[in-house]
Amino acid sequence: MKLRSLAVCLASMLVPLAAHAAPVSPKVMVVTMFDGETQPWLDNLDLSQQIAVPGLPASNNTVACNDDLCVMTTTMGYANAASSTLAVVLSDQFDLSQTYFLIAGIAGVDPNKGTLGSAAWADYVVDAGLFHRIDDREAPKDWDSQILELGAQAPGEKPKWAAGSEVFKLNPALIKKAFSVTEGVALADGDTAAAYRANYPQEAAKAQPTVMICSSVSADTYWHGAITAAEVSAHTALLTDGEAEYCMSQMEDNATLTALQRGAEAGKLDFSRVAVLRTASNFDRQNPEQTAAESLAANSGGFGPAKENAFRVGNAFAQDIITNWNVYSDGLSK
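Everything numeric in this text was worked out from a predicted model, so none of it was measured.

Undergrad: I'm lost on the state of the cysteines in this one. Help?
TA: Should the sulfur atoms of two cysteines be covalently bonded, the bond is a disulfide. A full pass over the atoms with the stated rule returns 2 disulfides. Residue C65 pairs covalently with C70 via a disulfide, S to S 2.0 Å. Between C65 and C70, the S-S torsion sits near 110°, and that sign places the bridge as right-handed. Its relative accessible area of 1% is what places C65 among the buried residues. Note on cysteine connectivity: C214 is disulfide-linked to C247, with sulfurs 1.6 Å apart. Taken together, the positions of C214 in strand β10 (residues 211-218) and C247 in strand β11 (residues 246-250) put the pair 33 residues apart, joining distant regions of the chain. If the cysteines joined by disulfides in the protein chain are listed in sequence order, their pairing comes out as 1-2, 3-4.

Undergrad: Explain the nonpolar core to me, please; I cannot follow it from the model alone.
TA: Across soluble globular proteins, nonpolar side chains have a tendency to be buried as a group. Ranked by internal contacts, the top residues of the largest apolar core, which has 56 residues, are M29, W41, V63, L69, F94, W121 and L257. Counting residues per element, this core draws most heavily on helix α10 (residues 303-323), which supplies 6 residues. L116, A120, A193 and A280 belong to the second-largest nonpolar core, a separate cluster that totals 14 residues.

Undergrad: Would you mind showing me how to read the layout of surface pockets here?
TA: In this approach a probe as big as a water molecule rolls over the atoms, and the regions it shows empty are the leftover space. Roughly 320 Å³ of volume is contained in the largest pocket. Taken together, 19 residues line the largest pocket, and the ones lying closest to its centre are I106, A107, Y222, Q250 and M251. Those elements that provide at least two residues to the lining of the largest pocket are β5 (100-109), β11 and β12 (274-283). A per-class count over the lining of the largest pocket returns 8 nonpolar, 7 polar and 4 charged. Considered as a void within the structure, the second largest pocket measures approximately 260 Å³ in volume. Along the wall of the second largest pocket there are 14 residues; nearest its centre are F131, R133, I147, W223 and T228. With 4 residues, helix α7 (residues 226-239) is the single largest residue contributor to the lining of the second largest pocket. Residue classes in the lining of the second largest pocket are distributed as 7 nonpolar, 4 polar and 3 charged.

Undergrad: Is there a simple way to think about unusual backbone geometry in this case?
TA: Leaving glycine out, the prevailing phi sign among residues is negative, and the prevailing peptide bond configuration is trans. Positive phi is not limited to glycine here, since T75 has a value of about 70°. Its location among the elements puts T75 in the loop between β4 (69-73) and α3 (78-89). A relative accessible area of 14% places T75 in the buried class. The phi angle at D241 is positive, at roughly 55°, despite the residue not being glycine. Here D241 lies in the loop between α7 and β11.

The rules behind each value
- Residues numbered from 1 in each chain as written.
- Predicted model: local features only at pLDDT ≥ 70, side-chain atom pairs only at ≥ 80, totals over all residues.
- Heavy atoms only, no water.
- Disulfide = S-S within 2.5 Å.
- Buried < 20%, exposed > 50% of the residue type's maximum accessible area, 1.4 Å probe, protein only.
- Helix = DSSP H or I, 4+ residues; strand = E, 2+ residues; numbered from the N terminus.
- Core = buried A, V, L, I, M, F, W, Y, C linked by side-chain atoms within 4.5 Å.
- 1 Å grid on protein atoms, 1.4 Å probe; cavity = no way out; pocket = protein on both sides within 12 Å on 5 of 7 lines; lining within 4 Å.
- Points joined across faces, edges and corners; volume = space filled by probe spheres on them.
- Nonpolar A, V, L, I, M, F, W, Y, C, P; charged D, E, K, R; others polar.

See below:
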């Protein structure tokens, strides 16, 4: 009986020891939004450690890691992005206090600023959904936009109140460093993308893909077309007093950044270590020979190069962080 009691006691002691294993402390946490964005990381890096995290979606309920880098998939849209990110941030399985967060995914691009396959580090990320909207068919005849800022009386007026998550300005020193490390990365391209971009008159659209710095906008609604793009561009400039220059559109980043900001406020992470990279899988508007609907439905050939370049550019920066940790460990000055 004494031996049995001793065995039971030892077993009960082992359970809490296992449950309180040291948390994983990655130097880089990559945040992707769907499997197509995640797969290049899994294909090219050894990420054999799978960490199940309560609160992640059933379809992507683990974080894949090695000793230095982890990749998580939020799944698409604001609700999923915020919920999944916060689940990982608040999990006791991770120590993220020194971790660099890299949001890396595909986007639409303004053909005046870039082309299919281009990669953009975001200096600002602006919400393109938090506003009032009245359809043109019911709005006053002299209104030139369907976007009406929160609390404003007419288009073009500054908002009178805010939700607090409309604009994120990311650490300029970090973004400058990310660009300098990655501007020479060889980018993927394709014959279909090259042929498609030739239909656009803008020089930036016709050019080969490059790495750049510009501003990204987020919205749950996958909007498309030249008219909406012009309204979104004006909205972005208005909210930032002209500081942000819209070039990339995507469906999650303000939500993900809000979750990361909450994590920072809770002492879980350093928000100055957050970077956003988006690569162009499509143009945000039609070319002169198309309607907006035709453009939305078109196969531009940009998806393959965009998801590959999100990995190539993102991983180049991630590996620089890992290799030169002595440069990054104390953070980069704002």
